[in-house]
Structures are given as C-alpha cells and as structure tokens.
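These are the residues of each chain, in order.
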Amino acid sequence: DAKTTQPTSMDCAEGRAANLPCNHSTISGNEYVYWYRQIHSQGPQYIIHGLKNNETNEMASLIITEDRKSSTLILPHATLRDTAVYYCIVRVSSNTGKLIFGQGTTLQVKP
Amino acid sequence: EAGVVQSPRYKIIEKKQPVAFWCNPISGHNTLYWYRQNLGQGPELLIRYENEEAVDDSQLPKDRFSAERLKGVDSTLKIQPAELGDSAVYLCASSPPETETQYFGPGTRLLVL
C-alpha cells in the first residue's frame, strides 16, 4: 500500500472549514484513499473514502486531485467536537483488509 | 445499532502476568480485527479473522500472544506472559461482508507495571 504524508498538526477556528491535506504521490491505480479520525480515548472512526471522483457524505468532503497524488479532506463547518487525529490511508480494495495508519494530523478546533 | 464492544476498558497488571481482552463485533460483521496502538502512534494490525479463520496473523507475536474467535462471533486476545513493552491500547474492529469499512471499538488500555 502506498505511503501517505500529512502535516503533523493544524488549527482551525470553530465554524470555519477545516481543510486537511494528504500527499500520496506513489498511489497506484487500484488504491483507494480512506480517511479515519480518532478522538481522544476513542477508537478510530471512518469518515469517507474515494478512488478518483470527489466524494461527499454527512461528515465531510473528499477532494482528490486529477493525478490522484494528493487529496484534501474538508470539514465544512468545524466544531470543537471535530478536534481529533485525522488519518489518511491509501489501500487496495481487496481482501487483505489491513489499514496501515501513519502518524496522522492532529486537528485542533479553537473557539 | 450497537457498536463494537470491548472489555475491559482498562487493565493494570504486573509484568509476567497473563491478561485477556474480549471483543464483541457488530452483529452480522464477519471480519474481525485486532490492532495495537502505542502512545502517539497509529494503530497496527495484529490479526484479522474472516469468520472463525485467522487469515492474517503475520504481525502477531506468537511467542506470547494468542487469539481465538470461536463460532465466528466474539473474539479473545490473550497475552501470556505480559511484558512492560505490551503497554498500549488494544483495539478491536469489525467490518461487514462486501465492504471494507472498519468499525472500531473503544479499545482496552493496558498498563503493565
């Protein structure tokens, strides 16, 4: 599975959009981009995933560049409860099932 | 819908003692995972079950760790004997058939003294 690079930490003002970048320059054509987050003292929580097209759900939007070498997770209106570590993971859609977590980005939403 | 249930939530033991963690996945989820998360790091897969079969245990330290998933539902992860370096959060996750989205439990925080 391709390696990802994320900033170590980011701040965001409450109510503003949080844009979390992820670089995955070695991504293969059959690898998906997944985002999970982990709020303090909880298990990781699935947010969204995509292959080529931009995706949106009730939690967030995922913007993948045309060359697929990077992506951005967007939380449109960040709240204090969105403070968490956000993990960007790329993996093949197969039966391996393994998620390889990096260090992630610690997002601090401030009042 | 109930989420993944894990117990205990916290465990403190002395080194060389045995310890066991229990996981009840979401109903209908045939795939079950055990991860270990060291402080300040992302989770790392220890073992993955498809129903009752362990299909990936390559990262499980087999000299002291064991796991089972009898009847393909609940699972137990055991460490015997525990070492200081085993202090970590042990996370269980499950996923349903035909999807690879993993749903995690709250984890068991282990402290080995």
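To start, this report covers the structure provided alongside it. Remember, it's a predicted structure, so these values are computed and weren't measured experimentally.

1. Re the side chain of Ser 75 of chain B
Checked against the element boundaries, Ser 75 of chain B lands in strand β8 (residues 75–79). From its side chain, Ser 75 of chain B meets the backbone oxygen of Glu 68 of chain B in a polar contact 2.9 Å long.

2. Here we look at the sheet that holds strand β9 (residues 105–110) of chain A
Residue and element names in this part refer to chain A. Spatially, β1-β9-β8-β3-β4 is the arrangement adopted by the five strands of the open sheet, whose pairing is mixed. Of all strands in the sheet, those with a lone pairing partner are β1 (9–13) and β4 (45–50), marking the two edges. Taken pair by pair, the neighbouring strands of this sheet meet at an average axis angle of 25°, ignoring direction. For β1 and β9, the ladder comprises five bridges, and the chain directions are parallel. Its bridge partner being in β9, Ser 9 is matched across the sheet by Thr 106.

3. Focus on the pattern of salt bridges
All names here are of chain B. Applying the stated criterion across every chain yields a total of seven salt bridges over all chains. For Asp 86, the salt bridge goes to Arg 36, with nearest N and O atoms at 4.0 Å. Of the two residues, Asp 86 is situated in the loop between β8 and β9 (88–95) and Arg 36 in strand β4 (residues 31–37); the sequence distance between them amounts to 50 residues. The partner of Asp 57 in a salt bridge is Lys 62, and the shortest N-O contact between them spans 3.8 Å. Through salt bridges with shared partners, one network takes in Arg 36, Arg 64, Glu 83 and Asp 86.

4. A closer look at unusual backbone geometry
All names here are of chain B. The omega angle of the peptide bond from Ser 7 to Pro 8 is -10°, so this bond is cis rather than trans. As for its position among the elements, Pro 8 is in the loop between β1 (5–7) and β2 (10–13). With omega at -5°, the peptide bond leading from Gln 80 into Pro 81 counts as cis. Residue position: Pro 81 is located in the loop between β8 and β9. Backbone geometry at Asn 51 places phi at a positive 60°, although glycine is not the residue there. With respect to the helices, strands and loops of the structure, Asn 51 is situated in the loop between β5 (44–50) and β6 (53–56). With relative accessibility at 37%, the residue Asn 51 sits in the partly exposed group.

5. Some words on the state of the cysteines
Going through the model one piece at a time under the given rule, you end up with two disulfides over all chains. Disulfide pairing places Cys 22 of chain A opposite Cys 88 of chain A at an S-S distance of 2.1 Å. Judged by the sign of its S-S torsion, about -80°, the cystine formed by Cys 22 of chain A and Cys 88 of chain A is left-handed. Taken together, the residues span a long stretch of sequence, with Cys 22 of chain A in strand β2 (residues 18–23) and Cys 88 of chain A in strand β8 (residues 84–92) at a distance of 66 residues. Cys 23 of chain B shares a disulfide with Cys 92 of chain B; S-S distance 1.9 Å. Its torsion about the S-S bond being -70°, the disulfide of Cys 23 of chain B and Cys 92 of chain B is classed as left-handed. Within this pair, whereas Cys 23 of chain B is found in strand β3 (residues 19–24), its partner Cys 92 of chain B is found in strand β9, the two being separated by 69 residues in sequence.

6. Remarks on the interface of chain A and chain B
Taken residue by residue, the interface counts 21 residues in chain A and 19 residues in chain B. For the pair chain A and chain B, the summed buried area comes to about 1,500 Å², and 41% of that belongs to carbon and sulfur atoms. Per-residue buried area on chain A facing chain B is highest for Pro 44, Lys 98 and Phe 101 of chain A; these three make up 26% of the total on that side. Across the chain A-chain B interface, the total number found is zero salt bridges. For the pair chain A and chain B, the number of links is three residue pairs in polar contact (both at pLDDT 80 or more). For the side of chain A that touches chain B, the secondary-structure elements that each account for two or more residues are β3 (31–38) and β8 of chain A. Across the side of chain A that touches chain B, the residue classes tally to eight nonpolar, eleven polar and two charged.

7. Some thoughts on the pairing of β2 of chain A
Residue and element names in this part refer to chain A. The side-chain alternation of β2 yields one buried face, formed by Ala 18, Leu 20 and Cys 22, and one unburied face, formed by Asn 19, Pro 21 and Asn 23. Where β2 lies against strand β7 (residues 70–75), six bridges are found, and the strand directions are antiparallel. Counted as the bridge partner of Leu 20 is Leu 73 from β7.

Reading the values: rules and limits
Residues numbered from 1 in each chain as written. Chains lettered and ligands numbered in written order. Predicted model: local features only at pLDDT ≥ 70, side-chain atom pairs only at ≥ 80, totals over all residues. Heavy atoms only, no water. Helix = DSSP H or I, 4+ residues; strand = E, 2+ residues; numbered from the N terminus. Polar contact = N/O pair within 3.5 Å; in protein donor to acceptor, adjacent residues only side chain to side chain. Pairing = 2+ DSSP bridges. Axes fitted to C-alpha atoms, helices over the stretch in contact; angles between N-to-C directions. Salt bridge = Lys/Arg side-chain N within 4 Å of Asp/Glu carboxyl O. Buried < 20%, exposed > 50% of the residue type's maximum accessible area, 1.4 Å probe, protein only. Disulfide = S-S within 2.5 Å. Contact = heavy atoms within 4.5 Å. Buried area = accessible area lost by both parts, 1.4 Å probe. Nonpolar A, V, L, I, M, F, W, Y, C, P; charged D, E, K, R; others polar.

So, to be careful, I would describe these as geometric facts and stop short of saying anything about function.
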